[in-house]
Amino acid sequence: MIRVVLPAHLRTLARVDGEVTLDVKGEVTQRSVLDALEARYPMLRGTIRDHGTLKRRAFVRFFACEQDLSHESPDVPLPEAVATGAEPFLIVGAMAGG
Amino acid sequence: MSKVRILVGTRKGAFILTSDGTRKQWDVSGPHFAGWEMYHLKGSPVEPNRIYASQTSSWFGQIIQRSDDGGKTWHQPGTPPGEPTTTPDGMPKGESNKFVYDTSPETGKPLTTHQHYDGTQRPWEFKRVWHLEPSLTDQDTVYAGIEDAALFRSTDGGQTWQELSGLRDVKGNLWQPGAGGMCLHTIVQDQSNPQRIYIAISAAGAFRTDDGGKTWRAITRGLKSQYELPDPSAEVGHCVHRIAMHPTRPNVLFMQKHWDVMRSDDAGESWHEISGNLPTDFGFPIDVHAHEPETVYVVPIKSDSEHFPPDGKLRVYRSRTGGNEWEALTNGLPQRDCYVNVLRDAMTVDSLDPCGIYFGTSGGQVYGSANAGDSWTAIVRDLPPVLSVEVQTLP
């Protein structure tokens, strides 16, 4: 199971508390995790990546294993610890202004 | 006794202010959608308990919310209230948040480009919904004014949205963002002619359709933007801030432009200036008295770079002559050290008699007058910066 941590506003939208756990088929990448997340919580479509281009929204960041993975290709495998569920994949609202 | 319900959108949530027809005591509910920018909320004239709301965030994008009980509860259209929420099948579909420009070959609209600040061409890119305008005749039909400038329509209560892409045919390649973004912010429907709609776009101009949104043309003859456009009388490029109409006189339009207050008596075919004795003719909102079609309200702002009232005095100006002759309305408004702004969607009138008028400020105050502007009181003083104010007059 893949563990995903959402920012507070998206937890409210998705009506979840705490972490989300997802079954991800195939290789565990940003794309496959976000596909699984949006399939389970369709109301999050457009809030993390653009509806059409599927590009990450500018003020959203992806962290895992104390690394900023935001600028990685969406098809690069995520760290093994994320794939095994040892570490969560964090979706974070960027600090932008005060 | 009649009631009024004011829908206030702010930078950090929505608030609903309600009162009976005396408009003296107010109940305040909110914040709804705390922490989100609520650009606009507006109720259906057909079913006042149907309210549409634009919830947006630079971080997480656009959400459309709808209430069917006058703002007590909200849901994303497509998800009936009470639907199970804990299983995948019970989740909202989320399609109500999807605003995708029309690129379909059937309508012959490959995604075109507009001008950017630097003169280069950029493709249209969805940013947010500035304004929601429910249909005058059908509670499930609602128009959305979009940044980057486009008009979308939903005919299923906000579940799905389609662009009326003919608008971009009107020299869309020459439109460019204003300081606040390239936003379509004004949507005015003609109740005597359902096929006719007016819209306005910052730094692009004013436009009209006479066929329900298929084709459009610019209605800018008479507008002059002396220091803003290389050709001051260009067909497109004028920074229109707001257009208002009295429903019984649909051919008479009032416009607050970037600079200049304007009037048209022929459905926008031509415009003439009515700024008259205003202390400054820059501003954002403009509105018309509910029962007096020649009584018009504006809030003069010092300049395009100084977005606050002249001399630190917050004054609404009223013309009872359809323009040119204006009187300052100051009773109850701060007359010293006041440096707030009033945005384009942040003024509204109710339809009681005497007419009530309301506006919200960047300082978080919502002021109301139950006597057509003769005197004012602050209904609330300390909200987040106010983006929009709409009022519903309820039986």
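What you see is a predicted model; the values in this text were computed from it and never measured.

This brings us to the overall build of chain A. Counting secondary structure elements, chain A contains 3 helices and 5 strands. Start at the N end of chain A and walk to the C end: the helices and strands fall as β-α-β-α-β-β-α-β. For chain A, the C-alpha radius of gyration of 12 Å lies close to 13 Å, the compact-globule estimate for 98 residues. Each principal axis of the C-alpha distribution contributes one length, and for chain A these read about 35 × 25 × 25 Å. Taken across its 98 residues, chain A has 31% of its residues classed as buried. Here the analysis covers contacts within chain A between residues at least 6 apart in sequence; of these, 54% occur between residues at least 24 apart.

Here we come to the overall build of chain B. A count of helices and strands for chain B gives 0 helices and 29 strands. Against the 2.2 N^0.38 benchmark of 21 Å for 395 residues, chain B shows a C-alpha radius of gyration of 20 Å, consistent with a compact globule. Based on the C-alpha atoms only, the size of chain B along its principal axes is roughly 55 × 50 × 40 Å. For chain B, buried positions account for 52% of its 395 residues. In chain B, the share of contacts with a sequence separation of at least 24, taken over all contacts with a separation of at least 6, comes to 50%.

On to unusual backbone geometry. Only a minority of non-glycine residues have a phi that is not negative, and only a minority of peptide bonds are not trans. Here Gly30(B) and Pro31(B) are connected by a cis peptide whose omega angle stands at 0 degrees. With an omega of 5 degrees, the peptide bond running from Asp353(B) to Pro354(B) counts as cis. Phi is positive for Arg15(A), which is not a glycine, with a value near 60 degrees. In this fold, Arg15(A) is placed in the loop between helix H1 (8-14) and strand E2 (20-22).

An order of E9-E10-E11-E12 (chain B) is seen for the 4 strands of this open sheet, with the pairing classed as antiparallel. Of all the strands in the sheet, just strand E9 (128-134) and strand E12 (162-163) of chain B have a single pairing partner and so form its edges.

Let us look at the interface of chain B and chain A. Many structure descriptions define interface size as the accessible area lost when the parts assemble. Opposite the 19 residues of chain B that make contact, chain A presents 18 residues. For the side of chain B that touches chain A, the element with the most residues is strand E6 (residues 61-67) of chain B, which contributes 3 residues.

This brings us to helix H2 (residues 30-40) of chain A. All names here are of chain A. All of the buried residues along H2 are Gln30, Val33, Leu34 and Leu37. All buried residues of H2 lie within an arc of 95 degrees about the axis, which places them on one face of the element. Looking at the buried positions of H2, the neighbouring elements they touch are strand E1 (2-5), E2, strand E3 (60-64) and strand E5 (89-93).

All names here are of chain B. Read across the open sheet, the 4 strands follow the order E21-E22-E23-E24; overall the sheet is antiparallel. Across the chains shown, the open sheet's two edge strands, defined by having one partner strand only, are strand E21 (282-288) and strand E24 (327-329). Strand-to-strand twist across the sheet, computed as the mean angle between neighbouring axes with direction ignored, equals 30 degrees. Pairing between E21 and strand E22 (residues 296-301): 5 bridges, direction antiparallel. What sits directly across from valine 288, in E22, is valine 296.

Val8(B), Ile201(B), Ile243(B) and Val366(B) are the most contacted members of the largest nonpolar core, which has 103 residues in total. Apart from residues no more than four positions distant in its own chain, Ile201(B) is found in contact with Ala149(B), Trp175(B), Met182(B), Cys183(B), Leu184(B) and Val240(B). Core analysis: the next-biggest nonpolar cluster, separate from the first, contains 28 residues, Leu13(A), Val33(A), Leu78(A) and Phe89(A) among them.

Residue and element names in this part refer to chain B. Positionally, histidine 291 belongs in the loop between E21 and E22. When the C-alpha positions of histidine 291 and serine 362 are compared, they lie 28 Å apart, and in sequence the two are 71 residues distant. Beyond its immediate stretch of four places on either side in the chain, histidine 291 contacts Asp353 and Cys355.

Another point: the environment of Glu327(B). All names here are of chain B. Within the element layout of this structure, glutamate 327 appears in strand E24. As for glutamate 327 and arginine 315, which are separated by 12 residues in sequence, their C-alpha atoms are 9.4 Å apart. Residues within four places of glutamate 327 in sequence aside, it is in contact with Tyr317 and Arg318.

Turning next to the pairing of strand E27 (residues 366-369) of chain B. Residues and elements named next belong to chain B. Side chains of E27 alternate between two faces, with Val366 and Gly368 and Tyr367 and Ser369 buried alike. Here 4 bridges tie strand E26 (residues 357-360) to E27, and the two strands are oriented antiparallel to one another. Among the inter-strand pairings, isoleucine 357 is bridged to a residue of E27, identified as serine 369. Judged from the 3 bridges that link them, E27 and strand E28 (residues 377-380) form a sheet pairing that is antiparallel. Following the sheet pairing, tyrosine 367 is matched in E28 by alanine 378.

Per-chain confidence: chain A averages 91 in pLDDT, with 97% of residues scoring 70 or above. Mean pLDDT values for the elements of chain A range from 87 in strand E4 (residues 67-68) of chain A up to 97 in helix H3 (residues 80-83) of chain A.

Here we take up the environment of Gln139(B). For Gln139(B), the location among the structural elements is in the loop between E9 and strand E10 (142-147). Setting aside its immediate chain neighbours within four residues, Gln139(B) contacts Ser44(B), Val46(B), Glu47(B), Arg50(B) and Pro134(B).

What counts, and at which threshold
Residues numbered from 1 in each chain as written. Chains lettered and ligands numbered in written order. Predicted model: local features only at pLDDT ≥ 70, side-chain atom pairs only at ≥ 80, totals over all residues. Helix = DSSP H or I, 4+ residues; strand = E, 2+ residues; numbered from the N terminus. Rg over C-alpha atoms; globule rule 2.2 N^0.38 Å. Buried ≥ 20, exposed ≤ 12 C-beta atoms within 10 Å, placed from the backbone. Contact = placed C-beta atoms within 7 Å. Pairing = 2+ DSSP bridges. Arc of directions from axis to C-beta. Axes fitted to C-alpha atoms, helices over the stretch in contact; angles between N-to-C directions. Core = buried A, V, L, I, M, F, W, Y, C linked by C-beta atoms within 7 Å. pLDDT = per-residue confidence, 0-100.

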